[in-house]
Protein chains: 6
Amino acid sequence: MVIEPIVRLALQEDLGAAGDLTGEAIIDVNARGRWALRARQSGVVAGLDAASLAARLVDCAILLNIHKVDGEGVAAGQTIAEIEGRVRSVLMAERTMLNFVGQLSGVATLTRAHVDAVKGLKTKIVCTRKTTPGLRALEKRAVRLGGGGTHRYGLNDAILIKDNHIAAAGGVGSAIARARAYAGHLTAIEIEVDTLAQLEEAIPYAPSAILLDNFSLADMGTAVARMGGKIPLEASGGVSLENVRAIAETGVDVISVGALTHSAPALDIGLDAL
Amino acid sequence: MVIEPIVRLALQEDLGAAGDLTGEAIIDVNARGRWALRARQSGVVAGLDAASLAARLVDCAILLNIHKVDGEGVAAGQTIAEIEGRVRSVLMAERTMLNFVGQLSGVATLTRAHVDAVKGLKTKIVCTRKTTPGLRALEKRAVRLGGGGTHRYGLNDAILIKDNHIAAAGGVGSAIARARAYAGHLTAIEIEVDTLAQLEEAIPYAPSAILLDNFSLADMGTAVARMGGKIPLEASGGVSLENVRAIAETGVDVISVGALTHSAPALDIGLDAL
Amino acid sequence: MVIEPIVRLALQEDLGAAGDLTGEAIIDVNARGRWALRARQSGVVAGLDAASLAARLVDCAILLNIHKVDGEGVAAGQTIAEIEGRVRSVLMAERTMLNFVGQLSGVATLTRAHVDAVKGLKTKIVCTRKTTPGLRALEKRAVRLGGGGTHRYGLNDAILIKDNHIAAAGGVGSAIARARAYAGHLTAIEIEVDTLAQLEEAIPYAPSAILLDNFSLADMGTAVARMGGKIPLEASGGVSLENVRAIAETGVDVISVGALTHSAPALDIGLDAL
Amino acid sequence: MVIEPIVRLALQEDLGAAGDLTGEAIIDVNARGRWALRARQSGVVAGLDAASLAARLVDCAILLNIHKVDGEGVAAGQTIAEIEGRVRSVLMAERTMLNFVGQLSGVATLTRAHVDAVKGLKTKIVCTRKTTPGLRALEKRAVRLGGGGTHRYGLNDAILIKDNHIAAAGGVGSAIARARAYAGHLTAIEIEVDTLAQLEEAIPYAPSAILLDNFSLADMGTAVARMGGKIPLEASGGVSLENVRAIAETGVDVISVGALTHSAPALDIGLDAL
Amino acid sequence: MVIEPIVRLALQEDLGAAGDLTGEAIIDVNARGRWALRARQSGVVAGLDAASLAARLVDCAILLNIHKVDGEGVAAGQTIAEIEGRVRSVLMAERTMLNFVGQLSGVATLTRAHVDAVKGLKTKIVCTRKTTPGLRALEKRAVRLGGGGTHRYGLNDAILIKDNHIAAAGGVGSAIARARAYAGHLTAIEIEVDTLAQLEEAIPYAPSAILLDNFSLADMGTAVARMGGKIPLEASGGVSLENVRAIAETGVDVISVGALTHSAPALDIGLDAL
Amino acid sequence: MVIEPIVRLALQEDLGAAGDLTGEAIIDVNARGRWALRARQSGVVAGLDAASLAARLVDCAILLNIHKVDGEGVAAGQTIAEIEGRVRSVLMAERTMLNFVGQLSGVATLTRAHVDAVKGLKTKIVCTRKTTPGLRALEKRAVRLGGGGTHRYGLNDAILIKDNHIAAAGGVGSAIARARAYAGHLTAIEIEVDTLAQLEEAIPYAPSAILLDNFSLADMGTAVARMGGKIPLEASGGVSLENVRAIAETGVDVISVGALTHSAPALDIGLDAL
């Protein structure tokens, strides 16, 4: 249900009105074949749900035999799934399937790298709303498959107070107060602060979480000590594989990393005839 | 028309049914503001068309004053566009706009880097069908804005004969023959070959173009010499910024680079209140 | 954006493929007129946003002059809005507009009655997911306009652990533990308990809120005393205008009322020619 | 086909992009279960078609074993259907299924009460276009299941001349004449009259039916006597369970009741684990 | 509203994901122009509403200056509308606009020919449900513009009893009786008969209309005489411009002609630069 | 995938919100039957894919037993397919199925007639973009089934330079040059010329094909001789079954015929109970 619109859109843009000219020109209408979906790089598999749906929408008789489920690690050369069906159908679905699995496995793989980088520490790696248009549900899920968590899904499921809101409300305190008056009993309220001074302003209003935006490592450490575990602290801004462990070692509870979704290179995956 | 479905999908996934909780909680319903859409890195701008549509679908009274048009270069710190309107509306559209412009400017910027790398040579850099699901039209356009060209748009606008097709047809020659019998007078026929021997098989059938898949630089050079400009040659497989110029120097006409669309990191772009 | 699909669906089901036979048969194509949208009962106005969109989709030249904004009280006979435009267009949109405003004002009005019934107490009245299919966003908003709040919007924005989940997890504690392990730092976790004994089981796991399902007034009082304000308590089950104040007087923080959305009678509203 | 859009919309608004957080957090991915869909009040069942479609769209392997078909009476405590499937899937579809069945059984039940109230008389109870946006086809069908009939489905399937049209045409007679000139040979023409004088004006033009709008019981009786069965008479305006029999006893052929669809309280139905 | 889906579909199939390659390659982005939409054959204009919407969806700044409104006659060489706007936009919309106007003017023109053929007689020419998939609303309207009327719009707005139904019900009489028991007071009931004997069976049940299917002219005359004007008679089957007047002269009330919509040749219309 | 939107649209316009009144009134809900889809005229079958999908969308238990596959010839009276299923379902899908098969078989049949008319010559008959809105993919396929080929599918898959473009570019040569600079290596470029002089201008720029628009037979012959087979020549304008062979005999490679899709009369096909 949830992913069907983007899968349909992806098929439409590859098939247009004319469909697969090459397959129709050359492949016998009844020819059948078998293929292996194989990783050409090691990584974490994701996107098989979307790829399966793409196959089914093209031809519900295509069979997928999954060897590596979503979230499993895969080494270069290993088979992720075997596919069997009419040759015309599989070639029609091939590129769309590969695009989903490649893109989403890329997200899961990059997440896993970040999660591994903070191994042994309590800090959680989460993604943001900086997702590829149309792929939010799939990318958020890929992050989870890679071992990460999520921030808000959208503007609609939690309150996150930023500089524009603080300015509009006339201060940190009144912004949180307005949010509380509006929020339901299940709506979390997080506030983004730029300085330790703003952090002090926020504490008395007891938000659900506080986001330290572009803090230095030293200031993060100070903030963690000041907070003493009472309110979860999130770090964001300029996070990379190089500095993520140092940030986690300051003791922040959550590190949000936009790059997990907006800049993950695709995992190289191909379809080989068997 | 063409990009409206993906823009609507992107807005829906950020707004859900509840809309922007934070804005509704804190921002006065009539408050207005001005913002600058600013590059935080240098690059090539793309995606303003999608961002403008996102703004208009949220609130048709949001005004955009474009400083850098799609395809223009931008330096870190420069303003791409000024935006004015109801604060609630702009905050509602902000992330979707940034996601489009960031992702697509990333594609345009990576394309420009490849194009610059082959400067002075006749070789064209083109993208493939390895695009992000849902974004094909936008990414193909971003590649063009970055100075690149395009391969097929989809399975529907040209014939590309690959290994599966050759196997099904029983050889290179019969595959091209079947394609020609099927094709309209405006349908190009390209064939992908893996070896110089296959190249020889293809030449007598005069395809519109020949794709040299994962050829060594030496073999590419041999192929170019053999061809003598009579049929355009395309190189693909394992192309990167590091080796693209060397490939171009073999004299191939076209280099197709999947990474332009499947692995471009987003360009860092933000929205600053004025 | 968010409400457009249901407004289009509503217009389609009233217009079919043939459109308004009566208007086309009888009304001159250029005739213009003015109407008052009038309450025939007192209540709270809601749904003008949907009605306005319906009008605009039929004919973007229909003008609405709003006298009572969404959320305002209206007495029987008072004008909510004046409408001006081509007679054919207004008659085409009339029933769809009235259905939205009538249905949603009914929700807002019933909510206001519950809110008034607990006046002076701290308890909040909220709606549930027992909404009319297709109208969730509009009905949740109508509840807010009537002075109420909201529970979860959907399955997607908070965790609510019920009997099925407790059974699957093997107990209250392990259910909350699983939820916490899964939840992001902004995801609230509420648990529904049937007895005071279950309440005791839940407390050590510190959920974000506890739902007392079908508790007697006496047990609610005991629960409130036991809790001492540390975790918000929600009452649900069999709430009506008759007993809502007695429930609120037990000291629970939130009362959720499915009837606000699933059983509100429409407010009687009509369109009178001027 | 016809009901699929509203069922998809209902699922989308409950699942959003994130899906069912609670189920994913707590329920084992392979766990299966059985449930009974049970009435907690007596009434007439409707909406099982929509509920079945909702289940199938979530997971086509959910099994429904229907005990009470649409239109059958059900007593409090009785099982309407047994449901079996993956726990995660059923919990994902549960609320949407219950909302459809509850809402539509409410309509069928209220209709049955009106139909029972006029038992033994020839008068037919019908619903109007005052339906819930998006649910017209389902509500019209629920009315039929409750023993009622229908008026126009929409503006598109019959002509109903009201005050605006009479004014535009310059009188009752010319309005009917214009309608006749426009109507196909299968298009019925009904006219709404406010007074006995208007009724007299209409009679010579032989409309297919005449609607007596807000007539007193006495005037209805006079109209019935005057008409002598030659043209069907419909009564509307202010109809309730209290006065519907008295109205029917005047001898009118049809009574249209907007409240059947716009104000029916939902029937209380729940899902119990077995 | 009603025609938007088919207009969007038509544009999508002409533009695909890549848009207008030729325009983008050759036409300056800011170039503007003026064109005349001209008939190359005489006929009746229809489809300007769809063409205008197509233009607006491509570029809302395209201006249409209508010289001949829908339903007006046009001679070869006359201008139907002048169009002004960005050259790229107009060329992008051109073919879609022409396809709508050509196809629908063809329907209106063929209808007018049939209507003219029965001039002076009371018989009405109507179309059927044998319409082009997706174009029913537009084609029914084109028939009206050509002076014809309509039969049922769809299966949903009147009852038409055919041979399958008579067989299922066990006879003409019981079929009509079942229909009457089901029908609302505004639902017309027509029955199709194959012989004069069946006509006799139908008469006592007083259907709203009777369809004489493939009757000889002689039998039609007999039926008309027998009926004496009490129930409208419709003729259908094998109607053409050659025999339509002879059929009308038998005195039938309605002649339904499938060819008006399923076999009308397009009217030749072109776009000339000014 | 590709044809689903138009098939859904066609069903929606026939079923509306109320569905099939006649079937529901008269046919027993469990009654089953068998029918033959029979040609009443000889021709070439097309559209069975769309008809099958229509049947499946109405009721996935309808069985089709195909006797004549798409593209096969059929004589008057022959059975194209046998259909079995619930009577209500089949009657609900009947008209939509027939409209697709009738319309598309009409296209295939008219194409076959043109192809037969040029038998023995090398000239290919192709269709244009003058297709019925919404049916392009289906009509292009029907043309192929009838033995024809296709021109561009849409504006998006090849470049066709016409008078507007030549004027904008300032001449034939510069228009082709601009097109070449823009085109990818798989994009064909055709130019439309009105005179032999324009043909001369075009030749040095080596377009992929040249369209001779409204040339006399004599001029076509001159053009063919001049060209000597180096660039494919297409003839268009005023082609009919009467003159198509004479045109082909001039030696042009391709004749494009708009009438194949915009003016093909439907093939007469009916559904007979067995």
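Quick note: structure is the one above.
The rules behind the values
Residues numbered from 1 in each chain as written. Chains lettered and ligands numbered in written order. Predicted model: local features only at pLDDT ≥ 70, side-chain atom pairs only at ≥ 80, totals over all residues. Heavy atoms only, no water. Helix = DSSP H or I, 4+ residues; strand = E, 2+ residues; numbered from the N terminus. Buried < 20%, exposed > 50% of the residue type's maximum accessible area, 1.4 Å probe, protein only. Contact = heavy atoms within 4.5 Å. Polar contact = N/O pair within 3.5 Å; in protein donor to acceptor, adjacent residues only side chain to side chain. Buried area = accessible area lost by both parts, 1.4 Å probe. Salt bridge = Lys/Arg side-chain N within 4 Å of Asp/Glu carboxyl O. Nonpolar A, V, L, I, M, F, W, Y, C, P; charged D, E, K, R; others polar. Least-squares fit on C-alpha atoms with pLDDT ≥ 70 in both.

*Asks:* Before we move on, could you go through the environment of F:His151 and cite the residues and values that matter?
*Replies:* In this fold, F:His151 is placed in the loop between strand E7 (149-150) and strand E8 (159-161). By relative accessible area, which is 9% here, F:His151 ends up buried. Counting along the chain gives 24 residues from F:His151 to F:Cys127, while the straight-line C-alpha distance between them is 6.1 Å. When residues no more than four places from it in sequence are discounted, the contact partners of F:His151 are B:His185, B:Leu186, F:Val126, F:Cys127, F:Thr128, F:Lys140, F:Leu160, F:Glu190, F:Leu211, F:Glu234 and F:Ser256. Within the structure, the side chain of F:His151 is placed 3.3 Å from the side chain of F:Glu190, a separation counted as a polar contact.

*Asks:* Go over the interface of chain F and chain B with me, naming the residues and quoting the values.
*Replies:* Contact with chain F, which involves 19 residues of that partner, is made by 19 residues of chain B. Between chain F and chain B lies a buried interface of about 1600 Å² when both sides are counted; carbon and sulfur atoms form 57% of it. Contact with chain B buries surface across chain F, with F:Arg144, F:His185 and F:Leu186 losing the most and accounting together for 43% of the total. Viewed at the interface, chain B and chain F are joined by zero salt bridges. Taken together, the connections running from chain F to chain B amount to six residue pairs in polar contact (both at pLDDT 80 or more). Of the residues contributing to the side of chain F that touches chain B, the split by class is eight nonpolar, five polar and six charged.

*Asks:* Outline the arrangement of the chains, listing residues and values.
*Replies:* Looking at chain B next to chain D, you find no contact at all, with the nearest C-alpha pair sitting 6 Å apart. Where chain C comes nearest to chain F, the C-alpha atoms are still 6 Å apart, and the two do not contact one another.

*Asks:* Before we move on, can you summarise unusual backbone geometry with the specific residues and values?
*Replies:* Non-glycine residue C:Asn214 carries a positive phi angle of around 55 degrees. Position of C:Asn214 among the secondary structure elements: in the loop between strand E10 (209-213) and helix H9 (217-227).

*Asks:* Report on the relation of the copies chain F and chain B, specifying residues and quantitative values.
*Replies:* Superposing the two chain copies requires a rotation about an axis and a translation along that axis. Structural alignment of chain F on chain B gives an RMSD of 0.0 Å, achieved by rotating through 180 degrees and translating 0.0 Å along the axis. One copy is carried onto the other by what is essentially a two-fold rotation axis. Relative to the rotation axis, the C-alpha of F:Asp157 is the closest in chain F, positioned 2.6 Å from it. Of the interface residues in chain F, 100% have counterparts in chain B that sit at the interface too, so the contact is made through matching surfaces.

*Asks:* Can you explain the interface of chain A and chain B? Please cite residues and give values.
*Replies:* Opposite the 59 residues of chain A that make contact, chain B presents 59 residues. Between chain A and chain B, roughly 4900 Å² of surface is buried when both sides are summed, and carbon and sulfur atoms account for 58% of that area. Among the salt bridges present, the one from A:Asp14 reaches B:Arg129, with a minimum N-O distance of 2.7 Å. Applying the counting criterion to the chain A and chain B interface returns 28 residue pairs in polar contact (both at pLDDT 80 or more). At the level of elements, helix H1 (4-15), helix H2 (21-26), helix H4 (87-117), strand E8 (159-161), helix H6 (163-169) and helix H7 (172-182) of chain A are the ones that each hand at least two residues to the side of chain A that touches chain B. Looking at the side of chain A that touches chain B element by element, the count peaks at seven residues for H1(A).

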